[in-house]
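An overview of the molecular structure
Listed below, chain by chain, are the residues.
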Amino acid sequence: METDRRRAVAAWVPVAALILSLLGLAVSIYLTIEHYTGNTQLACPESATINCAKVTTSPESVVFGIPVAVLGLPFFVAMLGANLPAAWRSDAGWLRAGRLLALGVGMIFVLYLVYVELFRVSAICLWCTSVHILTFLLLLVILLGEAGRE
C-alpha cells in the first residue's frame, strides 16, 4: 500500500513568508496610526511625484468607508497566521488554497492602488509602495513554496 506523501516545503519558505508578513503588518500599523492621529507628517519626502501625505489623505485612500491602511491590518494578520511554520507543515487543502486566494485578491487590490496612485492621485507613497512590494514578494515566496511541494 502506497501512501501519498507530499514533499516538505523548503526551509527558507516559511521563514521568508513569516518575515514578509510581519513587515507588511508593521507598515500597515504605522500607516493606520498615522491615519487616525491626523498627523500627515509621514516619514516620506514631499515632491511632485513622491508625496505620502497627498496619497494617504486623498479621497481614494478610503474604500467602502474604510481607510486602505486599515484594510492592510486584517490581511497581514491573516497572512501571519497562514505563514506560521505549523501552517506550512499542514497539508490542509483549505489552508493552502486560502493562502493563495487571499494573496490573489491582495495583488488585485495592489494593482488597483498602484493605478490610483499613478493616474488618479498623481503621486506615489513610499510607505504604500513598500506594502505593494511586500505583498508581491509574499506572493512569489508562497508560489515557489507551493510549487516545491508537488
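Residues numbered from 1 in each chain as written. Predicted model: local features only at pLDDT ≥ 70, side-chain atom pairs only at ≥ 80, totals over all residues. Heavy atoms only, no water.

**A short note on the side chain of Ser 61**
Structurally, Ser 61 is set in the loop between α2 (52-56) and β1 (62-63). Residue Ser 61 is classed as buried on the basis of its relative accessible area of 12%. At a separation of 3.1 Å, a polar atom in the side chain of Ser 61 contacts the main-chain carbonyl oxygen of Thr 56. A distance of 2.7 Å separates a polar atom in the side chain of Ser 61 from the backbone oxygen of Ser 58. Setting aside its immediate chain neighbours within four residues, Ser 61 contacts Val 55, Thr 56, Ile 66, Pro 67 and Val 68. (Helix = DSSP H or I, 4+ residues; strand = E, 2+ residues; numbered from the N terminus. Buried < 20%, exposed > 50% of the residue type's maximum accessible area, 1.4 Å probe, protein only. Polar contact = N/O pair within 3.5 Å; in protein donor to acceptor, adjacent residues only side chain to side chain. Contact = heavy atoms within 4.5 Å.)

**Quick word on the pattern of salt bridges**
With the rule as written, the count across this model stands at three salt bridges. Taking the shortest distance from any N to any O, the salt bridge between Glu 60 and Arg 120 comes out at 3.4 Å. With Glu 60 in the loop between α2 and β1 and Arg 120 in helix α5 (residues 93-121), this pair connects stretches of sequence that are 60 residues apart. Using a relative accessible area of 18% as the deciding quantity, one classes Glu 60 as buried. Taking relative accessible area as the criterion, Arg 120 reaches 52% and is therefore assigned exposed. For Glu 146, the salt bridge is made with Arg 99, and the minimal N-O distance between the two is 3.0 Å. One end of the pair, Glu 146, is in helix α6 (residues 126-149); the other, Arg 99, is in helix α5, with 47 residues separating them in the sequence. A single network of salt bridges, built from pairs that share partners, joins Arg 96, Arg 99 and Glu 146. (Salt bridge = Lys/Arg side-chain N within 4 Å of Asp/Glu carboxyl O.)

**Thoughts on the packing of aromatic side chains**
Applying the stated criterion across every chain, the model contains four aromatic pairs. Geometrically, the ring pair formed by Phe 75 and Phe 76 is edge-to-face, given 4.9 Å between the ring centres and 80° between the ring planes. Here Phe 75 matches Phe 76 in class, with each residue buried. Geometrically, the ring pair formed by Phe 109 and Tyr 112 is stacked, given 6.1 Å between the ring centres and 25° between the ring planes. Of the two residues, Phe 109 and Tyr 112 both sit in helix α5, three residues apart, roughly one turn of that helix. One cation-aromatic arrangement involves Arg 99 over Trp 88; the distance from NZ or CZ to the ring centre is 4.0 Å. (Phe/Tyr/Trp six-rings, centres within 6.5 Å; stacked < 30°, edge-to-face > 60°. Lys NZ or Arg CZ within 6 Å of the ring centre and 35° of its normal.)

**Observations concerning the packing of helix α1 (residues 12-37) against helix α3 (residues 68-82)**
Two numbers describe how α1 lies on α3: the axes approach to 8 Å, and their chain directions differ by 155°. Here α1 lies roughly antiparallel to α3, going by the angle between them. Regarding α1 and α3, the two cross each other, and that crossing is left-handed. On α3, the residues touching Leu 18, Leu 20, Ser 21, Leu 22, Gly 24, Leu 25, Ser 28, Ile 29, Leu 31, Thr 32 and Tyr 36 of α1 are Ala 69, Val 70, Gly 72, Leu 73, Phe 76, Val 77, Met 79 and Leu 80. Residue classes in the contact of α1 with α3 are distributed as 14 nonpolar, five polar and no charged. (Axes fitted to C-alpha atoms, helices over the stretch in contact; angles between N-to-C directions. Parallel < 35°, antiparallel > 145°, perpendicular 65-115°, else oblique. Left-handed = near helix turned anticlockwise from the far one by under 90°. Nonpolar A, V, L, I, M, F, W, Y, C, P; charged D, E, K, R; others polar.)

**Things to note about the nonpolar core**
By size, the foremost hydrophobic cluster in this structure holds 31 residues, and its most contacted members are Val 55, Phe 76, Trp 88, Leu 103 and Leu 138. Leave out the neighbours within four places in its chain, and Trp 88 touches Val 9, Val 13, Pro 14, Ala 17, Ala 82, Asn 83, Arg 99, Ile 142, Gly 145, Glu 146 and Arg 149. (Core = buried A, V, L, I, M, F, W, Y, C linked by side-chain atoms within 4.5 Å.)

These values are about where atoms sit, not about what they do.
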